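Structure at a glance
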Amino acid sequence: MGARTTLTDAWPLFGLRLRTERLVLRLPTDDHLVQLMALARAGIHPPDDMPFGVAWSTIPSPAFERSFMQYHWSMRGLWSPAKWSLNLVTLFDGDPIGTQGIDAEAFAVHRTVSTGSWLGKAFQGRGFGTEMRAAVLGFAFDGLGARVAESSAFLDNAASNAVSRKLGYEPNGFGSLAPEGVARETQRFRMTEAQWRSRQRPALAIVGLEACRELFGA
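Just so you know, these numbers come straight off a predicted model, no measurement behind them. (Residues numbered from 1 in each chain as written. Predicted model: local features only at pLDDT ≥ 70, side-chain atom pairs only at ≥ 80, totals over all residues. Heavy atoms only, no water.)

Quick look at the pattern of salt bridges now. If you walk through the whole model with that rule in mind, you get 6 salt bridges. When the shortest N-O distance is used, the salt bridge between Arg76 and Asp30 registers 3.0 Å. Taken together, the residues Arg76 in helix α3 (residues 63-77) and Asp30 in helix α2 (residues 30-42) connect sequence positions 46 residues apart. Overall, Asp30 belongs to the partly exposed group, its relative accessible area being 35%. Put simply, Asp156 and Arg184 hold a salt bridge, and the shortest N to O gap is 3.3 Å. With a gap of 28 residues between them, Asp156 in the loop between β6 (148-154) and α6 (158-167) and Arg184 in strand β8 (residues 184-192) connect regions that are remote in the sequence. Put simply, Asp142, Glu193 and Arg197 are held in one network by salt bridges that share partners. (Salt bridge = Lys/Arg side-chain N within 4 Å of Asp/Glu carboxyl O. Helix = DSSP H or I, 4+ residues; strand = E, 2+ residues; numbered from the N terminus. Buried < 20%, exposed > 50% of the residue type's maximum accessible area, 1.4 Å probe, protein only.)

All right, on to the packing of α2 against α3 then. One can describe the packing of α2 onto α3 by two numbers: an axis separation of 10 Å at closest approach and a directional angle of 135 degrees. The pairing of α2 with α3 is recorded here as oblique in orientation. Crossing of α2 against α3: the hand is right-handed. On α3, the residues touching Asp30, Leu33, Val34, Leu36, Met37, Ala40 and Arg41 of α2 are Phe64, Glu65, Phe68, Met69, His72, Trp73 and Arg76. In the contact of α2 with α3, the residues fall into 9 nonpolar, 1 polar and 4 charged. (Axes fitted to C-alpha atoms, helices over the stretch in contact; angles between N-to-C directions. Parallel < 35°, antiparallel > 145°, perpendicular 65-115°, else oblique. Left-handed = near helix turned anticlockwise from the far one by under 90°. Contact = heavy atoms within 4.5 Å. Nonpolar A, V, L, I, M, F, W, Y, C, P; charged D, E, K, R; others polar.)

Attention shifts here to the packing of aromatic side chains. Considering all chains together, one arrives at 9 aromatic pairs under this definition. With a centroid separation of 4.9 Å and 50 degrees between ring planes, the pair formed by Phe92 and Phe128 is classed as tilted. Taken together, the positions of Phe92 in strand β3 (residues 83-92) and Phe128 in helix α5 (residues 128-144) put the pair 36 residues apart, joining distant regions of the chain. As far as the burial class goes, Phe92 and Phe128 line up, both buried. Following the ring pairs from residue to residue traces out a cluster consisting of Trp79, Trp84, Phe107, Phe139 and Phe216. For Arg41, the ring lying beneath its charged end belongs to Phe64, and the centroid distance is 3.9 Å. (Phe/Tyr/Trp six-rings, centres within 6.5 Å; stacked < 30°, edge-to-face > 60°. Lys NZ or Arg CZ within 6 Å of the ring centre and 35° of its normal.)

Structure, rendered in structure tokens:
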């Protein structure tokens, strides 16, 4: 009988880990997704504030739960080196506290990534947002060889904009999104590889990249 094939053998992204001082970022299992779903449902933002470009966090049950699972499953099912979206669960002391995403299109050509994230209310204001964004930036620049990282947030999303500025992004114009049917202005940010390397960064351990590098078109 041959060696037993594991989940990580079949889909190497499940073996990828980004380890910072306090956090571990990894592709979520279905069990993680159920925990994340409950965390998101418990609250991410005030009811009268929508920080996301798509108003997914206020969808009523049971559509919320179904769309939440479908979204994460679709990230796996639609993955290709030409267009990918890596949505990582952020673990603190082994428990999910939010997600940190990084995505790219034609990465082999443009070497450009974009990011997005959310944290459960109980974990906001403790530096986790900066730490997990720095982790995926380190993964992009030092692991995959990215040349540019982009991000954006609504003008009134002070926390997200503060993280971008703290990490060394530069303003890169404005945009507009309408998650609830009314256009709102966004601030765009951009960071180059040179800007990333110009500042001292916290330690980051990347585990399992070589087994899945080709999946990123790197």
